[in-house]
Amino acid sequence: MMKKKSVSARKASLVLFLCQMISALDVPLDSKLLEELSQPPTITQQSPKDYIVDPRENIVIQCEAKGKPPPSFSWTRNGTHFDIDKDAQVTMKPNSGTLVINIMNGGKAEAYEGVYQCTARNERGAAVSNNIVIRPSRSPLWTKEKLEPNHVREGDSLVLHCRPPVGLPPPIIFWMDNAFQRLPQSERVSQGLNGDLYFSNVQPEDTREDYICYARFNHTQTIQQKQPISVKVFSTKPVTERQPVLLTPTGSTSTKVELRGNVLLLECIAAGLPTPVIRWIKEGGELPANRTFFENFKKTLKIIDVSEADSGNYKCIARNRLGSAHHVISVTVKAAPYWITAPRNLVLSPGEDGTLICRANGNPKPDISWLANGVPIAIAPEDPSRKVDGDTIIFSHVQERSSAVYQCNASNEYGYLLANAFVNVLAEPPRILTPANKLYQVIADSPALLDCAYFGSPKPEIEWFKGVKGSILRGNEYVFHDNGTLEIPVAQKDSTGTYTCVARNELGKIQNEVHLEVKDPTMIIKQPEYKVIQRYGQASFECVIKHDSTLLPTIIWLKDNAELPDDERFLVGKDNLTIMNVTDKDDGTYTCIVNTTLDSVSASAVLTVVAAPPTPAIIYARPNPPFDLELTGQLERSVELSWIPGDENNSPITNFVIEYEDGLHEPGVWHYQTEVPGTQTTVQLKLSPYVNYSFRVIAVNEIGRSQPSEPSEQYLTKSANPDENPSNVQGIGSEPDNLVITWESLKGFQSNGPGLQYKVSWRQKDVDDEWTSVIVANVSKYIVSGTPTFVPYEIKVQALNDLGYAPEPSEVIGHSGEDLPMVAPGNVQVHVINSTLAKVHWDTVPLKTVRGHLQGYKVYYWKVQSLSRRSRRHVEKKILTFRGNKTFGMLPGLEPYSSYKLNVRVVNGKGEGPASPDKLFKTPEGVPSSPSFLRITNPTLDSLTLEWGSPTHPNGVLTSYILKFQPINNTHELGPLVEIRIPANESSLILKNLNYSTRYKFYFNAQTSVGSGSQITEEAITIMDEVQPLYPRIRNVTTAAAETYANISWEYEGPDHANFYVEYGVAGTMASRQVDIATQGWFIGLMCAVALLILILLIVCFIRRNKGGKYPVKEKEDAHADPEIQPMKEDDGTFGEYSDAEDHKPLKKGSRTPSDRTVKKEDSDDSLVDYGEGVNGQFNEDGSFIGQYSGKKEKEPAEGNESSEAPSPVNAMNSFV
């Protein structure tokens, strides 16, 4: 580790590279600090040098810059000042230098052709953009020409000329027929680079009249069509074969000039019969590997990214069986200027020295010229601290007035480079950016790094102290880093304490305290051990740990580096793992991992499961390790490894596992390389560049793995460009004005060489913009600040090292950060469907106001008050979320006869937008709940007094109460039903003229204008005489229902020897009183008689069928249909009259049917079947209920004056006595 160097503040060059640059004096990327520092302008975005615009659209010339204070902007056009205030068609964007030329409102693009240059200026200097040449694209029409038919003899060559109009940029040429189908091309027929269609030899099938050349102008999205060309091929027998002749290029030699970095395209097309084959060679050398491609059936040679080394003579040879022809193309590669060292920004303190270096190369060598604040340096204001020496400017003893922006221009006949670099002279007192009293925790015997991020100009001196009054820290036990960090290479327990960092320069002094705690390391004091367990035995591994008392450890067990199987045989204890009843699949390596917040340790052991030996026999064991490893045939990307196997130990070796260690990047860590069969003792291994390899071999048999062999000798491969780029590249903004680019860094051995870095590039999608790039190292994240809110960006991350770049990476699409939505949904409307359901509509918000990924809409709604009670209560807001770009939603579960409010908000990934204005709506009346209680008091010989409470939820305005009652005789049968309607304002009633000593059953419910609510039932007895009777009392009835039975319990008060009757019914029917008659003699006799009659009837039917007669029971039943008989239901297969009383399922009928053949329901159930007609209720995909809710009346008891009917004999058998 390097120690901090003593540097003279007046002699050292402090080069600050703000935001994205590397410097001798590091400026922390602290947003608050950067906002406070003055800075000359820096051009951050500009249009391309050669800017071809669409003449139908507005022209946007970009110029963005940053600086402190913010810069102002001006433009020149064709070298003179461009006064945009005098041109009504030209505007400049606010807080920007970007020009917008309005073409769509009457302007002409041709009027604005020219060379534009932007200047960004503030009090510390002026930066200039490139010269931006504006040219409108052109797509001229084809010139009129008369095309004669082409009459060609079979076997001759033919060239159909396209000669497209000259456009800007040049068009793309292709040939099609009248049906807009591309003409087929082959080695015989193909299109040249100039767009002409070449026939090496014509065939009869080439005869057609619709050879049409098309020119596509992409910039204006137009296609121009040439007049059709006619070709007629006439045959002569025999067809004469011909040796090759070059159609293009002509002659024996030609020349070609191409620029460095471009794509070189060379073409040779030959005539001949048979069709010639083309071959390419480079005289005196080889075609460059990995950059050479053949196109157009090898008629075109393509070399990408050409350099000066690609200059030379390229020969194409056309050959058929009659001979050959060749052509030599002399290629010269020139070069527009390119950077060797671009000038970098300088931030200096007053009195310091520095240099700006501008070095470029090209062919021919470019000329270097300097400008200061956009003015040639020869006529710029003099600065005594500045001296120009060719491609270098030397600054000596600078002052604050020396701040300026310098431009370096490197140009030759093929182009130019322009770079801005500022000199910023700052005088700033020290600042410490590390938070005060920051706590650091480390494990003993490990390094401790205490931060002291600082800034100041001149560069402050940093000193560290321990304790409040401690002396300055010195000595070899500390390392002082240039960024202010104090490193304790081996922290001990006595290193715990408070440390003070002091930063001082000639302008001031500041200090900051941090705290260090050193913890005891976590250790496994009893590790799991290797086990060989017989099948169906028990295995146990121990993992006993010791740790710092202030740290909370967690222990995790793994099998073969994966989670333990989900099997109850695996028992994890506090410090052990036990496997019960082991099987062969439990073989493997078991690892105990102990984690704390500061450290992690692990230990492993192998479990081998073997069959119990029938008799003491051969001992099977893991093989001995291989030995005598040898490396041979060392190449850059491969090596051959050989070894000698160890003893098999009575179990044949099935395979060898080869592992490698990278002594350069991860010494001591072994990685899996490959494996080979057990019969093989040599292997050819593929290698990566820049890795110091060592290999070892492990033998494997059915028992397990051997110990690793001794490592082989080391082999260091040569460095190379990276082969791959970072993966999992993403761009997601964390704030509304930034874009966070992340990626997965390459592993050490993937770097292929020293100096691994990443080139991070981005540009706004769908905007004609150049890539912005920055090179970073040792990070996997980069934050782009100052972005527009939620716009798409194209992103790519490319790896590079000291030898060069990895292949061009693929682009991914990311988005800058989201912000909260700006507007609320409008036109909110509510449609009340029924008393418990409403539908809310709204208009979608414009997507541009969402400012993020639209996730949906939230509806907030709450009950304001009940219209029946007029009493307010605590407002409980409910929220329903509707995903996607919905425009409506359903609000279920509303309370009837209530007043509600709601509002709607749009939701994106950042959160919710503003709420729409509250919308008030009311629900209509519904049926009430059951009365809160029903009490029967004051029994007399012929009267009873009834008292009741109003419904808890009236759900509307009560209109009346309905009382129904009927007597129950001694056989527990129900008598005639009497109904009384009671005014809604009553709360008690005296029933007179009742029978004495009679039990009555009462049914009581409330009504609104919508209908009747749930009913409540009660029973009471009139007395025999005026003496108060003592009658039984049952309390606390509880039930527990299963699928086919129910347990019922109660508390009883009253006389002894009482009989108990359990009344029950299936849900949805009125309860009736049951009696157990299954054991009575008269009932048994009756059942036997019925069975006998049925048997006789079946015998008669059988005899009549055998005689061929018909038994017209069905016709008689149809002719004399009994209204009392209910047909079998088709939907559930049950009879309408009776149901199986032993199956107590909630959707079947009850045990008794009233005489009017209707089935009444006592208590409401919550099934959605009761809403609407049948099961028509549905739920929308957003979870809202859209079925038609309709309140159903509660089931009523049987009505009528007929005599009490006998109970159902089937249900009677299920009564309890």
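Residues numbered from 1 in each chain as written. Predicted model: local features only at pLDDT ≥ 70, side-chain atom pairs only at ≥ 80, totals over all residues. Heavy atoms only, no water.

> Which parts of the structure should I look at to understand the side chain of Thr434?
Structurally, the position occupied by Thr434 is in the loop between strand 38 (428-432) and strand 39 (438-443). For Thr434, a relative accessible area of 9% gives the class buried. Those residues in contact with Thr434 that sit more than four places away from it in its chain are Tyr440, Asp451, Cys452, Ala453 and Asn512. (Helix = DSSP H or I, 4+ residues; strand = E, 2+ residues; numbered from the N terminus. Buried < 20%, exposed > 50% of the residue type's maximum accessible area, 1.4 Å probe, protein only. Contact = heavy atoms within 4.5 Å.)

> Quick question: what am I supposed to make of the nonpolar core here?
Within soluble globular proteins, side chains that are nonpolar generally end up buried alongside one another. In terms of nonpolar packing, the biggest core is built from 30 residues, with Ile59, Ile61, Trp75, Ile101, Tyr116 and Ile134 touching the most fellow members. Those elements that place two or more of their residues in this core are strand 2 (50-53), strand 3 (59-61), strand 4 (63-68), strand 5 (72-77), strand 8 (99-101), strand 9 (114-122) and strand 11 (132-136). In contact with Tyr116, not counting residues within four places along its chain, are Ile61, Trp75, Thr76, Arg77, Phe82, Ile101, Asn130, Asn131, Ile132 and Ile134. (Core = buried A, V, L, I, M, F, W, Y, C linked by side-chain atoms within 4.5 Å.)

> Explain unusual backbone geometry here, please?
Trans is the prevailing form of peptide bonds, just as negative phi is the prevailing case for residues other than glycine. Note the cis peptide between Thr248 and Pro249, where omega equals -5°. With respect to the element layout, Pro249 can be found in the loop between strand 20 (242-248) and strand 21 (253-259). Of the consecutive residues Ser457 and Pro458, the connecting peptide bond is found in the cis state with omega at 5°. One non-glycine residue, Asn437, lies in positive phi territory at about 60°. The backbone of Asn827 sits at a positive phi, close to 55°, despite the residue not being glycine. Structurally, Asn827 can be placed in strand 72 (residues 826-834).

> So what exactly am I meant to see when it comes to the state of the cysteines here?
Here is the idea: a disulfide is a covalent bond, and it sits between the sulfur atoms of two cysteines. Applying the stated criterion across every chain, the model contains six disulfides. The disulfide partner of Cys268 is Cys316, and the gap between their sulfur atoms is 1.8 Å. One disulfide, between Cys268 and Cys316, carries an S-S torsion of -70° and so falls in the left-handed class. Here Cys268, found in the loop between strand 22 (264-267) and strand 23 (269-273), pairs with Cys316, found in strand 27 (residues 312-320); they are 48 residues apart in sequence, far enough to count as distant. The exposure class assigned to Cys268 is buried, which follows from its relative accessible area of 0%. On the accessibility criterion, Cys316 (0% relative accessible area) is buried. (Disulfide = S-S within 2.5 Å.)

> Looking at this structure, how should I read the packing of aromatic side chains?
Any aromatic ring pair is given by two values, namely how distant the centres are and how the planes are angled relative to each other. By the definition in use, this model includes 21 aromatic pairs. Taken together, a centroid distance of 5.6 Å and an interplanar angle of 15° make the contact between Tyr900 and Phe921 stacked. Here Tyr900, found in strand 77 (residues 898-908), pairs with Phe921, found in strand 78 (residues 919-922); they are 21 residues apart in sequence, far enough to count as distant. Residue classification places Tyr900 among the buried positions, given a relative accessible area of 5%. With 5.6 Å between their ring centres and 35° between their planes, Phe965 and Phe1002 make a pair best called tilted. Separated by 37 residues along the polypeptide, Phe965 in strand 81 (residues 960-968) and Phe1002 in strand 84 (residues 999-1007) bring together distant segments of the chain. Taken as a pair, Phe965 and Phe1002 share a single burial class, namely buried. Three or more aromatic residues joined by ring pairs make a cluster, and in this case those are Phe174, Phe180 and Tyr214. (Phe/Tyr/Trp six-rings, centres within 6.5 Å; stacked < 30°, edge-to-face > 60°.)

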